[in-house]
Amino acid sequence: MWVLGIDTSCDDTGVGLVKDGQVVVNLIRSQVALHQAYGGVVPELASREHLKAIRPLAERALAEAGLSPAGLDLVAATRGPGLIGALLVGFTFAKGLAFALDRPFLGIHHLEAHIVAAWPEGLDPPFLALVASGGHTHLFEVLDLGRYRLLGATLDDAAGEAFDKVARLLGLGFPGGPEIERLAEEAEEEAPFAVPLRGQKGLDFSFSGLKTRAVQLLEKGYSKPAIARGFQKAAVAHLQEVLLEAVRRTGHRTLLVAGGVAANRALRAGLEGAGLRVYFPPKGLSQDNGAMVALAAYRRFLKGEPPHPLSLDARAYWPL
Ligand code: KG4
Ligand code: ZN
């Protein structure tokens, strides 16, 4: 069974093809260079770029898989949340394709797609799932596919957003995560950062204080590598502390870590050393992509989800 998945929720055009639950092709067309000049994603530009990219990318994905459009069994796209103009491009394209081919269509939640990307086949819930990206920092208890309990979320910036902002402060490129990581590994000293929200009652996250602290430390004359290292250490420690507290409260010792920040090596090493069963997405599936959308659609379809009507709307705001 072939599933086509599309994600255009933000600034990357993603088209993926999944055959019987295995990723065959996963193409991502990044818009990073376009938005870099503006210091952030410009929604209108993102929509236009998706519009230019989507059809050629879908054609290339099919060609790489040696598949004709008629070979598709299911078409899926991210329904939300995200930038509405951007979402609409991929969502409408996918619905049009499903209509033209007379195939079932499924609209997928972006965060569910991130979770499924890290969810190995055969792993039974319940477990914990952290989605940490440039737009989200959400901790869920996963009870089943489609049944999620939100345990905590960021009170201000998303984890990836904090990496991006501190990277910008230090004059590094975008996205900031890999740049901070590289600079932190070169550092010979470490600037002092306090771990956010220690001793809190909830399971929330906060990253904006780390950014403010980075500004202060830069003014005090700390070196850029030292700030990168201190910031990363505190950000990773914060994520770990909240996750370990969630483990303590729920009793679940299995954890999925998804989203762009899941690529962070310090985070991986810390969590793997904490005596938990931790799963990360395979390479290429942590950032925004189309294959994760196809995977989520495939799992839903197997569970008996009926096709969604083509009148379904996209949603900028849509809690999981
Ligand atoms: O999931 P993603 O590709 O897009 C969103 O949905 O936002 O995540 C991108 C985010 C960026 O903020 C980026 O800086 C961060 O993930 N990121 C990292 C790393 N690689 C990407 N953060 C920390 N360490 C990394 N190695
Ligand atoms: Zn995402």
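As named in an unreviewed UniProt entry, the chain is tRNA N6-adenosine threonylcarbamoyltransferase, taken from Thermus filiformis. Quoted verbatim from the Subcellular location (unreviewed entry) field of the UniProt record, the comment on the chain reads "Cytoplasm". In UniProt, the chain has this text filed under Catalytic activity (unreviewed entry): "L-threonylcarbamoyladenylate + adenosine(37) in tRNA = N(6)-L-threonylcarbamoyladenosine(37) in tRNA + AMP + H(+)".

Those residues of helix α6 (residues 176-186) that fall on the buried side of the exposure criterion are Gly176, Gly177, Glu179, Ile180, Leu183 and Ala184. The arc enclosing the buried residues of α6, seen along the axis, measures out at 165°, which places them on a common side. Pointing more than 90 degrees away from the buried face of α6 are the exposed residues Arg182 and Glu186. Residues of α6 that are buried make contact with α5 (159-169) and α8 (224-250).

So, about the sheet that holds strand β5 (residues 105-109). Taking strand neighbours across the sheet as the criterion, the five strands line up as β3-β2-β1-β4-β5 in an open arrangement whose pairing is mixed. At either end of the open sheet lies a strand with only one pairing partner, and these are β3 (22-30) and β5. Within this sheet the neighbouring strands show an average axis-to-axis angle of 20°, counted without direction. Bridge count for strand β4 (residues 74-80) against β5 is five bridges, and the pairing is parallel. What sits directly across from Ala77, in β5, is Gly107.

This next bit is on the site of ligand 1. Near ligand 1 you find 20 residues, and of these Gly134, Gly160, Gly177, Gly260 and Gln287 are the closest. Elements that contribute at least two residues to the shell around ligand 1 include exactly α5 and α6. Residue composition of the shell around ligand 1, by class: six nonpolar, ten polar and four charged. Inspection of the shell around ligand 1 shows a minimum of three residues originating in each of domain 1 (2-115 + 285-302) and domain 2 (125-279).

Time to look at the UniProt feature "domain: Gcp-like" (unreviewed entry) in the chain. Under the present numbering, the feature "domain: Gcp-like" (unreviewed entry) in UniProt falls on residues 23-294. For residues 23-294, the helix share is 47%, the strand share is 18%, and the end-to-end C-alpha distance is 9 Å.

Reading the values: rules and limits
- Residues numbered from 1 in each chain as written.
- Chains lettered and ligands numbered in written order.
- Predicted model: local features only at pLDDT ≥ 70, side-chain atom pairs only at ≥ 80, totals over all residues.
- UniProt positions renumbered as here; feature names shortened; annotations may be inferred.
- Buried ≥ 20, exposed ≤ 12 C-beta atoms within 10 Å, placed from the backbone.
- Helix = DSSP H or I, 4+ residues; strand = E, 2+ residues; numbered from the N terminus.
- Arc of directions from axis to C-beta.
- Contact = placed C-beta atoms within 7 Å.
- Pairing = 2+ DSSP bridges.
- Axes fitted to C-alpha atoms, helices over the stretch in contact; angles between N-to-C directions.
- Near = placed C-beta within 6 Å.
- Nonpolar A, V, L, I, M, F, W, Y, C, P; charged D, E, K, R; others polar.
- Domains from an automatic or database assignment.

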